[in-house]
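# Per-entry structural report
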Amino acid sequence: MELRQCRYFLAVIDAGTITRAAAELGISQPSLSQQIRLLEDQLGTKLFDRGRKTQLTAAGKVLVPHARLLLDAAANAEREVAGSRSLAGGKLSIAFIPSLERLVSSAIAELSQRFPDVVVNLREQMGRSIDRLLLAGEIDLGLAVRRHSPPEISAAVLYREPYVLAFRRGHELEHTKLKRLNMIGDTPFAVFSFGSYSRDTTDSYLSRLKFLPNIRLESESLENLLNIVASTDMCAILPRNPVSRRADLNFHDLSTPLPTRSVAVITHSRRNASPAAREFIKLIRKCAKAENA
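Residues numbered from 1 in each chain as written. Predicted model: local features only at pLDDT ≥ 70, side-chain atom pairs only at ≥ 80, totals over all residues. Heavy atoms only, no water.

### Quick look at the packing of aromatic side chains
Using the criterion set out here, one finds 1 aromatic pair in the structure. Taken together, a centroid distance of 5.5 Å and an interplanar angle of 55 degrees make the contact between F9 and F48 tilted. Here F9, found in helix α1 (residues 3-15), pairs with F48, found in strand β1 (residues 48-49); they are 39 residues apart in sequence, far enough to count as distant. For F9, a relative accessible area of 0% corresponds to the buried category. (Phe/Tyr/Trp six-rings, centres within 6.5 Å; stacked < 30°, edge-to-face > 60°. Helix = DSSP H or I, 4+ residues; strand = E, 2+ residues; numbered from the N terminus. Buried < 20%, exposed > 50% of the residue type's maximum accessible area, 1.4 Å probe, protein only.)

Rendered as structure tokens:
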């Protein structure tokens, strides 16, 4: 049984379907299906009940913890070997949510100055995809919003920031004393797409206020929402830091209960961090502290 086959097997489980797993792995669906069949042939048993949307068989369930341990052991071996060398030859793979691009860029710039020979691979991903990449051993660490994750995932909070009601400069809301969110009435509203942490937070907040806004647009991209709000009469509940850095946006603080998000370093709890990863975590903490001072 090859490590690659273990990785493919777990990718199907974490993604939920072979089609989605193949897309995340960057290979064709037929190639992934063939690798799964080869693994089943080697083990002499079926691992998935494909008639039930890729549900695990009893044998598949038995294999899961062993496959994860094999990948963890291989990843730890690579890190231990890397740890015997200096950072000069280190490699670092990081996934981060798009709204943290500025923070990541600051930390990478300082890392490159101190250790110019470290090879860095960066990926922009949604939060749940970062969990899957960590579990598959494809990245060293992630930067995302802390949320409920599998037990193998550890999250160390860098900082917490509130959400605010954002709107363009010159909007009529700019001169409104907003004591309650429902005072915006039928003002067009933009929100994150379903399934994101920010959308869950927004929906929970609106539900507690018993307010149904006039939703006119949904997007999974924070950058899209920032640009749309800046160029239209729409408003949106967005994290404060990205909004406050825009000269074309203004905002009102929201009333209690105040929605917040916790930005965290996401790592695998059973894998040893490489020297490059440990150094990057120190730098990202320093940059986060400076940015939120």
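### A few points about the packing of α1 against helix α3 (residues 29-43)
Two elements in contact, α1 and α3, have axes separated by 10 Å at closest approach and are oriented at 115 degrees. It follows from the interaxial angle that α1 and α3 lie roughly perpendicular. Seen from above, α1 lies across α3 with left-handed handedness. Mapping the contact onto sequence places R4, Q5, Y8, F9 and V12 in α1 and L32, Q35, I36, L38, L39 and Q42 in α3. (Axes fitted to C-alpha atoms, helices over the stretch in contact; angles between N-to-C directions. Parallel < 35°, antiparallel > 145°, perpendicular 65-115°, else oblique. Left-handed = near helix turned anticlockwise from the far one by under 90°. Contact = heavy atoms within 4.5 Å.)

### Section: the pattern of salt bridges
Taken as a whole, this structure holds 20 salt bridges when the rule is applied. Notably, a salt bridge pairs K286 with E110, separated by 2.8 Å at the nearest N-O pair. Of this pair, K286 sits in helix α10 (residues 275-291) while E110 sits in helix α5 (residues 101-114), placing them 176 residues apart in sequence. When the shortest N-O distance is used, the salt bridge between E279 and R114 registers 3.5 Å. Taken together, the residues span a long stretch of sequence, with E279 in helix α10 and R114 in helix α5 at a distance of 165 residues. (Salt bridge = Lys/Arg side-chain N within 4 Å of Asp/Glu carboxyl O.)

Limitation: the analysis is restricted to geometry and does not speak to function.
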